[in-house]
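Observations on the three-dimensional arrangement
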Amino acid sequence: MGANSSSICELPENVYLKRLSGAEAVSENDPFWNQLLSFSFTAPTSSAELKLLEEATISICKSLVENNPRTGNLGALIKVFLSRTKELKISAECQNHLFIWQAHNALFIICCLLKVFICQMSEEELQLHFTYEERMPGSYGVECEDLIEELLCCLIQLIVEIPLLDITYSISLEAVTTLVVFLSCQLFHKEILRESVIHKYLMRGRCLPYTSRLVKTLLYNFIRQERSPPPGSHVFQQQTDGGGLLYGFASGVATGLWTVFTLGGVGSKPAPQQEQSSPLANQSLLLLLVLANLTDAPDTPNPYRQAIMSFKNTQDSTAFPSPSPHAFQINFNSLYTALCEQQKSDQATLLLYILLHQNSNVRTYMLARTDMENLVLPILEILYHVEERNSHHVYMALIILLILTEDDGFNRSIHEVILKNITWYSERVLTEISLGSLLILVVIRTIQYNMTRTRDKYLHTNCLAALANMSAQFRSLHQYAAQRIISYACRHLRRYVYVLDKLYFPHSHCSTLQHCFSTLSDNGEELLSLTCSHILRSYASSLFSLLSKKHNKVLEQATQTLRGSLSSDDSPLPDYAQDLNVIEEVIRMMLEIINSCLTNSLHHNPNLVYALLYKRDLFEQFRTHPSFQDIMQNIDLVIGFFSSRLEQAGAQLSVERVLEIIKQGAVALPKDRLRKFPELKFKYVEEEQPEEFFIPYVWSLVYNSAVALYWNPQDIQLFTMDSG
């Protein structure tokens, strides 16, 4: 085809590719390989371009699958690549562009072929294709059955040993991409793979000694965020010919697969953020996440996870605990900076979660930082924009906060960090607020969004757990944060009375009560009028009196009555009935959070006491509720104590005067009168078989975020497209 091959759609007719996939065996020493590998092109990046390349590759692969058992040309191509990689390090040092260029092209073709092979055949069939070869005089030997392992080991050596320069950037990226492709068999299985052949090669044998170096290199690729070099800086001088890129040889060697490869108007231009990103950093991070989440073999724990769990700071001179077979050291300051800067991506947030959860050295280092706001603020921004994020990203951000709040030092220090002008927080202008108060605001907003939209119990439980962990160390809460804590609790107290009314009296038409709740907005800021407050107080007292007699029995009977009033036995209960237990759990936890703060740091939080007194009518209604009586004792005592002092001070008090009285009263309040409760502490624990969640999640990130990789969505079995 030569210079006539100018677009992807013409690839199936390319003479060199037809010979590679044809019925004629090609020796590793044939000049054909120089011709095949002497091409250059602008790598496809848009989904349309990648889809075209995939479709063109499939037709070539079909022919190769049919003929390879007789020709062994796939094995010959791999052996040609292996022979050329032996001199790559010297070629990089000597700036030998030609050698590196052709090695890259060989690997690119191998990767394209492998991707289709892995998608369309079993691992057993794939292994067979690596063993086929044509015995010809002069061929050099790599044992047939070890060719997969030889290639995998070569790719790892290439990643960890070849220096990252402009001329080696593309082949380093291609090596990482090919390893991702090798592991992509998981995409085409619904169940989690636990006995993969590729996994075995990577977790034992010749690849095993490179474990720590591979993990370290992938981490450093992520840390450095090296940009892709300008086009043409890694190969020969560009010449323009008919709008494409033409690379020639002075000696007139055949120009190969494409002398001109133009994509013309095919596909869309990459988005600006893609153009600005580092393809190698992104791909390295995705490979690292895939490796970290490989399942343990029956007799072998995942060595890549072991390496991630045990690496230390370069500043740490203490000895590694024994045994630490895959331990290494890395610059934690650089890692911390990169993690802070990259939290907009799912994969960077997932890496942060893995490191905090599994590596105690990283967790200790991060919790000791004096600039934790650089890490926490991006996490809060993820949660704040919950509507724009996928649920997995929100979960990871939330669990990171939960892990951080397990540390009392963190809970104290975040109230000492003062922030100014948080521009992304739009509900209210926050000219000055502590990091701790902002965290409270964002977490409450996340709970509220979940309760009104997604109704995910797992999410609100973890949000409340993070607030509970912080509650004993609440310090100098911003007035808006204090107000939101109390108003959010009040919102559910009101909702609870309303749901009870609907359960006990499903056919009643209490227009006043109905109006009280139908006019409440999502932010829960509105106050009930005095009349409604008195109605609710009397009504709630009657309901709670009924409940106190036979709490669970009464609820069960009310639910059965409601179900019986529906037209069909199969009709689901209304949302308000299903929500009752959830609302009660939220109320209980919010009351415990308020109680924890009052018990441990009342004198540090006059704004919380002020907000509590402002809504005292509603809290007083719940002092007789059987589920909340115990936790209401301290809250009721605080309300009574400070209400008395305010009454003694007279009427028409200003906000400033009320706060002054609260501060004085906080010193005078006898602490021994407050009942002691067990400390509120929640610890994050991964559920059993976490791979059932993390492996589909990681591969959905690869599917959506990998550079220059496309899979037909109809072939994906591991996850559905809306979850990916």
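Residues numbered from 1 in each chain as written. Predicted model: local features only at pLDDT ≥ 70, side-chain atom pairs only at ≥ 80, totals over all residues. Heavy atoms only, no water.

Before going further, it helps to examine the overall build of the chain. On a plain count of helices and strands, the chain comes out with 33 helices and six strands. Pairs at least 24 residues apart make up 75% of the contacts formed inside the chain by residues separated by at least 6 positions. Surface exposure of the chain reaches about 31,400 Å², of which carbon and sulfur atoms provide 50%. (Helix = DSSP H or I, 4+ residues; strand = E, 2+ residues; numbered from the N terminus. Contact = heavy atoms within 4.5 Å. Areas by Shrake-Rupley, 256 points an atom, 1.4 Å probe, with all protein chains shown as cover.)

What follows deals with the side chain of His393. Here His393 shows up in helix H19 (residues 391-404). Non-local contacts of His393, meaning those with residues more than four positions away in its chain, are made with Gln343, Lys344, Ser345, Asp346, Thr349, Ile382 and Tyr697.

Counting 234 residues, the largest nonpolar core has Leu438 and Phe619 as the members making the most contacts within it. Leaving out residues up to four positions away in the same chain, Phe619 has contacts with Ile486, Ala489, Cys490, Leu493, Leu591, Ile594, Leu612, Met632, Ile635 and Ile639. (Core = buried A, V, L, I, M, F, W, Y, C linked by side-chain atoms within 4.5 Å. Buried < 20%, exposed > 50% of the residue type's maximum accessible area, 1.4 Å probe, protein only.)

So, on to the side chain of Asn105. Tracing the sequence through the fold places Asn105 in helix H6 (residues 97-120). The exposure class assigned to Asn105 is buried, which follows from its relative accessible area of 2%. In this structure the side chain of Asn105 is engaged in a polar contact, spanning 2.7 Å, whose partner is the backbone oxygen of Leu37. Among the polar contacts made by the side chain of Asn105, one reaches the main-chain carbonyl oxygen of Phe39 at a distance of 2.7 Å. Asn105 has contacts with Leu37, Ser38 and Phe39, leaving out every residue within four places of it along the chain. (Polar contact = N/O pair within 3.5 Å; in protein donor to acceptor, adjacent residues only side chain to side chain.)

Here the focus is the environment of Leu618. Position of Leu618 among the secondary structure elements: in helix H30 (residues 616-620). The class of Leu618 is buried, set by a relative accessible area of 8%. In this structure the C-alpha to C-alpha distance between Leu618 and Arg491, which are 127 residues apart in sequence, comes to 9.8 Å. If we skip the residues at most four places from it in the chain, Leu618 touches Cys490, Leu493 and Arg494.

Here we take up the packing of aromatic side chains. Summed over the entire model, instances satisfying the criterion amount to 20 aromatic pairs. Taken together, a centroid distance of 5.4 Å and an interplanar angle of 15 degrees make the contact between Tyr353 and Phe694 stacked. Linking Tyr353 in helix H16 (residues 346-358) with Phe694 in helix H33 (residues 691-705), this pair joins segments that are 341 residues apart in sequence. Exposure class is identical for Tyr353 and Phe694. Each is buried. Seen in terms of ring centroids, Phe641 and Phe642 are 5.2 Å apart; in terms of plane orientation they differ by 85 degrees. Their pairing is edge-to-face. These aromatic residues form a ring-pair network of at least three members: Phe311, Phe328, Phe332, Tyr336 and Tyr365. It is Arg445 that lies over the ring of Tyr384; its NZ or CZ is 4.1 Å from the centre. (Phe/Tyr/Trp six-rings, centres within 6.5 Å; stacked < 30°, edge-to-face > 60°. Lys NZ or Arg CZ within 6 Å of the ring centre and 35° of its normal.)

All right, on to unusual backbone geometry then. Positive phi outside glycine occurs at Gln689, with the angle close to 55 degrees. On the secondary structure map, Gln689 appears in the loop between helix H32 (655-668) and H33. A positive phi angle, close to 60 degrees, is found at Ala708, a residue other than glycine. Its location among the elements puts Ala708 in the segment after H33.

Now for the pattern of salt bridges. Enumeration over the complete set of coordinates arrives at 21 salt bridges. Asp299 is the partner of Arg204 in a salt bridge, and the nearest nitrogen-oxygen pair spans 3.5 Å. Residue Arg204 is located in the loop between helix H10 (197-203) and helix H11 (211-224), and its partner Asp299 is located in the loop between helix H13 (279-292) and helix H14 (303-310); the two are separated by 95 residues in the primary sequence. Owing to a relative accessible area of 33%, Arg204 belongs among the partly exposed residues under this scheme. Residues Asp296 and Arg305 are paired through a salt bridge, measuring 3.0 Å at the closest nitrogen-oxygen approach. A relative accessible area of 41% means that Asp296 is categorised as partly exposed. Where salt bridges share partners, they join Arg19, Glu24 and Asp30 into one cluster. (Salt bridge = Lys/Arg side-chain N within 4 Å of Asp/Glu carboxyl O.)

Helix length check: H16, at 13 residues, gives a terminal C-alpha distance of 18 Å against a target of 18 Å (1.5 Å per residue), a fit within 8%. Where burial is concerned, most of H16 is hidden: eleven out of the 13 residues are buried. Along H16, the residues classified as buried are Asp346, Gln347, Ala348, Thr349, Leu350, Leu351, Leu352, Tyr353, Ile354, Leu355 and Leu356. (Expected span 1.5 Å × (residues − 1).)

Let us look at helix H3 (residues 47-71). Given 3.6 residues per turn, any residue in an α-helix points the same way as the ones three and four places further on. Taking 1.5 Å per residue, 25 residues should reach 36 Å; H3 reaches 33 Å between its end C-alpha atoms and fits that length. At Val65, H3 is bent by approximately 40 degrees, the largest bend along its length, and proline Pro69 sits one to four residues beyond. Inspection of H3 places Glu49, Leu50, Leu53, Glu54, Ala56, Thr57, Ile60, Cys61, Leu64, Asn67, Asn68 and Thr71 among the buried residues, and these make up the whole buried set. The secondary structure elements touched by the buried residues of H3 are helix H1 (15-20), helix H4 (73-85), H6 and helix H7 (123-131). Two residues or fewer past H3, Gly72 is found with a positive phi of approximately 65 degrees. (Bend = angle between axes of the 7 residues up to and from the residue.)

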